[in-house]
Structure formats: C-alpha cells, structure tokens
Amino acid sequence: MRLFLFAYFIILPSLMFSQEGTLIGRVIDNNGEPLIGASVIYRGDVTIGASTDAEGNYILKLPVGERKLICRFTNKVTDTFTVVIRENKLTEYDVTLESYGDLLELEEVEIRVGKFDKRPEDITVSLEIIKPELIEDKNTRSVETILDQTPGLNILDGEPQIRGGSGFTFGVGSKVAVIVDDMPLLSGDAGRPEWSFIPVENIKQIEVVKGAGSVLAGSSALSGAIHIRTKYPTNEPLTKVNIYTGFYSYPRDTAQIWRDNPSLISGANFLHSRKIGNWDLVIGGNVNYDQGYIGPPIQDEFIEQSYPDTISNFTNAQMVSKRARINFNLRRRSKKLRGLSYGLNGNGMISESPMIFAWLNDTTGLFQGYPGAVFLQQQTIFNLDPFVNVNLESGSTHKLRGRFLYTDNEITANQSNNSLLYYGDYQFQRSYKQLAALEFIGGVSGTYTDSYAELYAGSGTPDNSLLNVSGYGQLEKKLWEIVNLSVGGRIEYFSLNDTVNAIKPIFRAGGNIKLHQETYLRMSYGQGYRFPTITERFIQTGIGNFGVFPNPELKPETSSNSEVGIKQGFKFGKLFGYLDIAGFWQEYDNTIEYLFGFWDLNSPTGAGFKFLNTGRSRIIGIDISFSGKAKINKNNTMTFIAGYNYILPKTLNPNLVYAVDSHPVNPREYSYNNTSLNPEDNILKYRFLHNIKADVSWSFKKKLSIGFSVKYFSKMENLDGVIAEFEESTETINTIQNIRYMDYFEAHQHGNWIFDARISYAINEMHKIAVISSNITNNMYSLRPLKMEAPRSIMLQYSFKLGGS
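All figures in this text were calculated on a predicted structure; none of them were measured in a lab.

Analysis parameters
- Residues numbered from 1 in each chain as written.
- Predicted model: local features only at pLDDT ≥ 70, side-chain atom pairs only at ≥ 80, totals over all residues.
- Heavy atoms only, no water.
- Helix = DSSP H or I, 4+ residues; strand = E, 2+ residues; numbered from the N terminus.
- Rg over C-alpha atoms; globule rule 2.2 N^0.38 Å.
- Buried < 20%, exposed > 50% of the residue type's maximum accessible area, 1.4 Å probe, protein only.
- Contact = heavy atoms within 4.5 Å.
- 1 Å grid on protein atoms, 1.4 Å probe; cavity = no way out; pocket = protein on both sides within 12 Å on 5 of 7 lines; lining within 4 Å.
- Points joined across faces, edges and corners; volume = space filled by probe spheres on them.
- Salt bridge = Lys/Arg side-chain N within 4 Å of Asp/Glu carboxyl O.
- Pairing = 2+ DSSP bridges.
- Phe/Tyr/Trp six-rings, centres within 6.5 Å; stacked < 30°, edge-to-face > 60°.
- Lys NZ or Arg CZ within 6 Å of the ring centre and 35° of its normal.
- Axes fitted to C-alpha atoms, helices over the stretch in contact; angles between N-to-C directions.

(A) The overall build of the protein, seen in detail. Looking only at helices and strands, the protein has nine helices and 42 strands in total. In terms of overall size, the protein behaves like a compact globule, its C-alpha atoms giving a radius of gyration of 28 Å where 805 residues would be expected to give roughly 28 Å. Taking the principal axes of its C-alpha atoms as reference, the protein extends roughly 115 × 60 × 45 Å. Residue burial in the protein is summarised as follows: out of 805 residues, 56% are buried. Considering only contacts in the protein between residues 6 or more positions apart, those separated by 24 or more positions represent 66%.

Set out below in structure tokens:
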C-alpha cells in the first residue's frame with residue numbers, strides 16, 4: 001500500500017510534469033511600449049514563473065494541458081489568461097496590461113530608471129527625474145535650460161555642476177557625464193557637452209544621478225551623470241510640430257540698451273515616429289534663430305586710434321545665433337531570430353553663434369562684449385551610431401554599440417579646431433535565477449579621439465590624440481523584497497599622444513532598504529576618476545588682452561562620494577508624492593580648477609586663465625527634493641517639483657603652492673590663500689552655497705494649464721583675487737581698454753531670484769497654444785564673472801500633435 005501511495009503522489013506527478021511545452025510572448029502596455037520586469041506566473045505552481053526582458057519578452061516551461069497564468073506589473077491591472085500547452089511545442093501568447101486609469105496612485109512608480117530598469121524608490125543613489133511634459137511646457141529650445149530647473153544641478157554658462165562639484169571652466173572638462181540612450185555625449189577634445197545637439201523634441205525622460213557615477217557612466221562622471229532617454233514608436237504613428245517666436249525685453253536699466261529694437265527669437269521643431277512592419281522609424285529636427293541679448297564689442301576711441309580692434313570688430317548681424325539640426329533613429333526587430341534587433345541612429349547640425357567671454361564694463365556695457373573677448377563660431381557636427389541588441393531565451397542580453405562623431409569648429413582669430421571621435425561598447429546583462437535572481441551588467445568600452453587645432457599646440461604640435469579603454473561591471477541583488485544591494489567596479493586606461501599613460505581602478509557600493517510602506521533608506525559610496533582633456537592640458541592662445549595658457553603637466557583628478565538618504569512617499573487626501581532628503585560628503589584630490597593669474601610676461605598683460613591642480617578639497621551638504629501631484633477634483637490637477645541644496649565646499653590645503661608664475665626676478669607663488677578674494681573660510685571659488693529650485697503647474701480639464709517656476713542662487717562667496725589685479729592693470733596700461741568688474745561684484749553681494757511663468761490652452765487634442773516667459777521680472781543678474789544672464793524673454797508657441805496615444 002505504501003508503495004502505491006508513493007507512486008501515486010510522487011512518481012506520477014513527476015511523470016506528468018516531465019511532459020512539458022514552452023510558452024513565449026511579449027508583455028506591453030496599452031501604448032505598445034514593452035514592460036520591463038513584468039511577472040508571468042503559473043497559478044498551478046507559483047514557483048514557476050518568468051520576468052520580461054528589456055524588450056518585454058518572456059519564456060516559460062510549463063506542463064502540458066490547459067494552464068492558467070497571471071501577469072502583473074507595478075501600477076498596471078493584473079491580467080489572468082489561459083493557454084493550452086502541447087508537449088515539446090511552442091505556444092505564443094502576448095499580454096497587454098492596462099493602466100489603473102484615474103486611480104490616485106503614486107505616478108513615479110511607473111517610471112523605470114538606470115541600466116537595471118529599477119523603480120526610483122529602489123535606487124541606491126540620489127536621483128531626479130524630468131518628465132517630457134515639463135520639457136514641452138517650457139518651450140525648451142536646448143536641453144540645458146530645462147536641466148537648470150533640476151534641484152542640485154546648475155548649468156553655469158553651459159557647464160553642468162552637481163552639488164558644487166566644479167567651479168567655472170567655460171564648459172571645458174565637464175565633471176558630469178552627459179549620456180543619451182547609453183551613449184556619451186561630450187566632445188572628444190574638450191569634454192564639453194553639446195547641448196543644442198540633443199533632440200529635445202523626442203525625450204522620454206531625463207534622469208539626473210547625483211554623486212560619483214564613474215562605474216557605469218564613465219570617467220567624466222566625477223560628481224554625477226545626466227541620462228537622457230529618447231522614445232521609440234508606439235503602435236500608433238506620432239507627428240508633432242512646435243513653432244515659436246518671441247523676443248528679449250530691453251534690460252531694466254535703460255542705460256544698458258544697445259540696439260534700436262528688441263532682439264527676436266524664432267524657430268520650430270518637428271518629430272515623426274512610426275512602426276513599419278518590423279521597422280521602427282523616428283525622424284526629428286529643429287531650426288532656431290536668436291538675435292541674442294549681448295551686443296558686439298565697442299572699442300575706446302582713444303585706443304582705437306593707435307590699436308584698432310581687428311579681432312572682434314563685429315556688427316549686430318554677426319552676433320546672431322542660427323542653427324539647423326536633423327536626427328533619425330532606425331531599428332529593425334528581427335522576425336527570424338526572436339530577441340534580435342539592430343539599427344542605426346544619426347544626428348547632424350550646422351550652427352553659427354558668438355562666443356562671449358567678458359562684458360564691456362560694469363557701468364553701461366553689461367550687455368556688450370569686450371574687445372578681443374568675443375569670437376564667432378561656425379560649427380558642423382554629426383554622428384552615426386550603429387547598434388545590435390540580442391535578448392536570448394536564457395535571459396541574457398548582449399548589446400554592441402558604436403559611434404563616429406565628427407566636430408568642426410571654425411572660429412575667428414585662428415581659434416578653429418576639429419576632431420574625430422570613435423567609440424565602441426559591448427555590454428552583457430543577465431539575471432541569474434539559480435543565484436536567487438542576482439543581476440549583473442558588465443562590459444568593455446573604448447574611445448579614441450583624433451584632434452587637430454593650432455589652439456592646442458601647447459603640446460608642441462596641433463595634432464593630438466587621446467585613447468581611453470575601460471572595463472566595468474556591477475552586481476545588484478534584491479533580498480526579501482525589501483532590500484536592494486549593488487556593488488560595482490571599473491578600470492580605466494588612458495594614453496595621451498602615445499606618451500602619457502595612466503591606469504586607475506574605481507569602486508562603488510550601495511544599499512536601499514524599505515523600512516515601512518513607501519519609506520526607503522539608502523546608503524552609497526562611489527569613487528570617481530577623470531583624466532584631463534586635450535583642451536585642459538594643451539590650450540594656448542593669446543588673442544586680445546586675455547590669454548589662456550597650457551599645462552602639459554596637469555594630473556588626473558579623483559573623487560569619492562558618500563551619501564545617506566531617505567525617500568518618503570506620502571498621500572494626504574488627494575495630494576501624493578515623494579519627499580527625498582540626502583546628506584552627502586564628497587572629497588576630491590588633484591582638483592582641477594580654471595584659474596586666473598599672470599602666467600606669461602611676454603603677452604600684453606601676462607594675464608589669463610590656466611587649468612591647474614589645486615590639491616585636495618571637500619564638499620559636504622544636504623539635498624532636499626519634494627515632488628508630487630494633487631488631483632483636486634475631476635477637472636483640476638496640480639503637479640509640482642521643488643528642491644533645496646546646501647553645500648559647504650572647502651579646500652583642505654589652503655597653503656599649498658600649486659603654481660609659480662614666469663617673473664624672471666620675483667616669481668610669484670600661487671596658493672589658495674594668496675589668490676582668493678575671500679580666503680577666510682577656505683570656501684572654494686565660484687560656488688553658490690544655497691540653491692533653490694521649484695516648478696508648479698495647474699491644469700483645468702486638461703485644456704488650460706498655468707505654470708510657475710522659481711530659481712534662487714545665493715551670492716558667490718569667493719573668486720580669483722587676481723581678477724581685481726587685472727582690472728587695476730587695465731587702468732594703468734594705456735594701450736589696453738579698461739575692464740571693470742569689482743564695483744559690480746561688491747554692489748551685488750546678495751542672492752538672485754529668477755521667476756518664469758507660462759500659460760497654455762489646448763484647443764483640442766491636436767492643437768495647443770502657449771505663452772512662455774523666462775525671467776518674468778526682468779531681473780539683471782550675473783552668475784559668473786564678466787557675464788550677464790539673459791533679460792526677460794516672452795515666447796508664443798503653437799503645438800500640433802497627431803496620433804501617438
């Protein structure tokens with residue numbers, strides 16, 4: 001009898017389950033977008049299940065017969081379905097999960113971020129997310145203007161700064177990685193982000209990672225990374241067109257008016273995306289015309305008689321910025337080989353714009369350029385990015401991507417440069433179920449830059465090259481459904497002109513634990529490493545009265561970042577969202593700063609800028625952000641995002657002599673203490689200790705929308721004291737036009753508030769009109785020495801949208 005029971009309950013079921021078939025399929029949402037990480041579970045045995053991959057595909061072995069399964073995904077309606085499994089046969093079943101509709105759920109949980117496509121709550125670092133609605137509502141012509149609305153991130157004259165990780169460098173040698181669809185977007189020679197090259201009309205979301213992110217983002221992510229994701233087509237074709245026109249107001253101080261009519265702005269962008277069989281096609285573009293708010297230089301009449309300005313004697317028409325850009329994404333999903341996709345992305349842009357480094361003076365010349373400190377640039381830039389993605393039935397993903405980037409900058413006064421960049425990356429990703437769903441990402445990448453510019457002849461030749469090869473890997477593990485752990489490493493190798501070589505390993509680790517319903521505590525530690533760019537080492541120019549001097553001995557800089565943060569979800573009636581508070585500690589070694597000094601007595605003043613290693617520094621601070629949504633009633637909805645950032649950036653070796661000038665008799669030593677305008681508290685130069693950002697939007701019946709934004713920058717605590725010395729030298733040398741800054745600086749020792757506003761009306765689902773104003777109070781303010789920010793601008797925008805629901 002016992003043998004019979006054993007056979008009945010043990011042997012017979014095992015024989016039945018040995019008769020298996022395979023179920024495959026794809027899980028998508030009602031827009032046709034793949035749902036990554038959706039669960040498909042067999043109801044007869046909940047230990048049998050699968051998760052979807054990056055394309056939404058799943059594969060599952062099931063016993064033969066009629067089987068009932070469930071499919072679920074965060075914030076989607078769970079679906080139950082039945083399939084018939086035949087022995088050794090392939091059964092296909094695709095699932096579409098619907099949204100909860102008008103249920104008041106926390107919107108942010110629908111979002112997936114990072115290379116592991118995690119929920120924001122599960123991430124082990126500080127993260128801000130910018131959604132496409134805000135990008136469109138603010139008539140974003142170039143992506144840096146919307147990034148500047150992000151708590152903890154400032155864009156200072158084109159340069160991204162996260163938590164005070166860098167000072168002021170004219171955008172050269174960015175310490176923040178800029179990545180579009182997992183492809184780096186910094187120029188090969190200067191490490192400068194090309195903001196206007198990014199297709200703002202097709203952005204799905206932007207993720208701003210705060211803190212050292214060099215393990216997965218690359219060596220430029222010393223203080224953080226900006227990840228921009230673009231969209232692929234949904235099942236319904238989409239066509240969008242935006243047309244805008246407007247103007248800059250005259251400065252509030254009528255003495256600063258430099259032209260007879262307000263400067264005009266106009267432009268348009270378009271996007272069309274669709275699926276054609278197994279092909280995905282996206283094409284977009286932008287044209288922009290901007291007369292600018294800063295006028296051409298004016299030379300002093302007395303100096304002009306003997307030393308006429310032949311470098312920057314420009315007209316109003318030459319100070320106009322113009323650009324045209326077109327981009328495409330082409331992807332094919334293979335019919336024969338399930339999980340295989342391949343394609344080609346491309347982007348091209350031509351532009352003309354002035355490069356303005358200093359104002360005329362601090363009395364009536366705030367909105368005009370200084371002679372010799374204004375250049376005209378004509379830029380041609382394009383890239384081609386081939387790629388192949390393979391998602392195997394085993395659950396592993398292979399990605400192979402490449403890039404060819406060509407940049408040619410024709411700049412007046414013999415400042416031209418061009419470069420070719422070649423980039424390749426192989427990445428492997430897999431979730432190991434036999435190791436309790438341990439997730440792994442690893443790969444190898446390489447970048448080679450070939451640069452030609454007389455501007456970089458500080459190396460001894462205008463031809464320069466830079467090679468970077470790196471290997472990286474990161475593991476992530478979820479425990480007990482409440483703990484997320486991550487650990488990773490990267491090794492970087494650099495070779496500059498085949499003579500300067502460097503190799504450096506870096507490490508990161510982090511953890512996130514769910515303490516209570518919608519309460520998440522996270523901790524992270526990360527290292528960063530950045531090798532100096534060709535520009536930082538070798539730039540050499542003496543145009544006009546300013547010089548920029550090379551430093552071939554410039555060393556790589558390193559960083560470490562520690563952080564503890566808590567993210568709390570909340571729901572009070574019809575108000576819901578997240579409050580995030582983080583404390584951070586960042587340390588930098590061989591900190592690279594762009595400093596003003598007297599470096600060459602053979603030039604007219606000997607004064608100018610130079611990239612220097614200034615020793616060790618530390619930045620501690622607190623980062624608070626608050627975002628959410630309030631569904632007041634059926635017709636009224638409010639969304640908001642706000643943040644406050646406090647930093648305490650200090651040098652750790654104020655007496656370190658990091659440079660000596662070229663005086664033949666009494667060479668001057670440069671240290672933090674003797675070069676700072678205000679060295680008393682050891683505060684690093686060109687930083688704002690307090691920063692506030694906020695944006696609020698109210699919508700009525702999804703037709704009328706009113707939005708309001710605010711930014712606050714506290715006063716700049718410290719800067720190069722040599723700027724005051726340079727001002728004094730221009731007063732005593734009668735062949736150099738007097739430049740003034742210190743009176744303005746001392747008179748504006750307070751913070752700056754900047755307010756923006758917008759209103760839009762949707763005529764119907766296809767047509768919308770909007771009025772957008774930036775700096776609505778027309779505040780006159782400066783965020784970096786010798787450069788005014790834009791006065792008020794008022795724009796009228798018309799938007800057309802067809803399909804893509």
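Still to come is the rest of the account.
(B) Inspection of empty space enclosed by the protein at higher detail. A full pass over the atoms with the stated rule returns 14 cavities of 30 Å³ or more. Put simply, the second largest cavity is a space of about 630 Å³. In this structure, the second largest cavity is lined by 38 residues; those nearest its centre are Pro-184, Ser-219, Ser-220, Thr-447 and Asn-468. Looking at the lining of the second largest cavity element by element, the count peaks at five residues for strand 25 (residues 463-479).

(C) View of the environment of Ile-763. Considering the arrangement of structural elements, one finds Ile-763 in the loop between strand 40 (752-762) and strand 41 (767-774). Judged by its relative accessible area of 45%, Ile-763 is partly exposed. C-alpha of Ile-763 to C-alpha of Val-64: the two residues are 699 residues apart in sequence and 55 Å apart in space. Not counting residues within four places of it along the chain, the set of residues in contact with Ile-763 comprises Lys-703, Lys-768 and Ile-769.

(D) Inspection of the pattern of salt bridges at higher detail. Enumeration according to the criterion identifies 33 salt bridges in this entry. One salt bridge in this structure joins Glu-92 and Arg-338, with 3.4 Å as the shortest N-O distance. One end of the pair, Glu-92, is in strand 7 (residues 90-92); the other, Arg-338, is in the loop between strand 19 (321-333) and strand 20 (340-356), with 246 residues separating them in the sequence. Arg-338 gets classed as partly exposed once you look at its relative accessible area, which sits at 40%. We note a salt bridge from Lys-175 to Glu-557, for which the minimum N-O separation is 3.1 Å. Here Lys-175 is found in the loop between strand 11 (159-162) and strand 12 (176-180), whereas its partner Glu-557 is found in strand 30 (residues 557-572), with 382 residues between them in sequence. Taken individually, Lys-175 and Glu-557 each receive the classification buried, so the pair is uniform in this respect. A single network of salt bridges, built from pairs that share partners, joins Glu-128, Arg-163, Lys-210, Arg-522, Glu-563, Lys-567, Asp-580 and Asp-623.

(E) Main features of the sheet that holds strand 14 (residues 203-210). Taken in spatial order, the five strands of this open sheet run 9-14-15-12-13, and their pairing is mixed. Here the strands that pair on one side only, and so sit at the sheet edges, are strand 9 (126-130) and strand 13 (183-184). Taken together, the five bridges between strand 12 and strand 15 (residues 224-230) define a ladder with parallel strand orientation. Residue pairing across strands places Val-176 opposite Gly-224, the latter belonging to strand 15.

(F) Structural detail: the packing of aromatic side chains. Across all of its chains, the model carries 23 aromatic pairs by this definition. A cation sits over an aromatic face here: Arg-331 above Tyr-232, 3.9 Å from the ring centre.

(G) A look at unusual backbone geometry. In this model, Asp-157 sits at a positive phi of 55°, which is unusual for a non-glycine residue. Classification of Asp-157 by relative accessible area gives partly exposed; the value is 27%.

(H) Main features of the sheet that holds strand 6 (residues 79-85). Judged by pairing direction, the sheet is antiparallel, and its four strands sit side by side in the order 3-2-5-6 without closing on themselves. A single partner strand is all that each edge strand has here, and the edge strands are strand 3 (49-51) and strand 6. For this sheet, the mean angle separating the axes of adjacent strands, direction not counted, is 25°. The pairing of strand 5 (residues 65-72) with strand 6 spans seven bridges and is classified as antiparallel.

Such coordinate-based values are descriptive only and should not be taken to indicate function.
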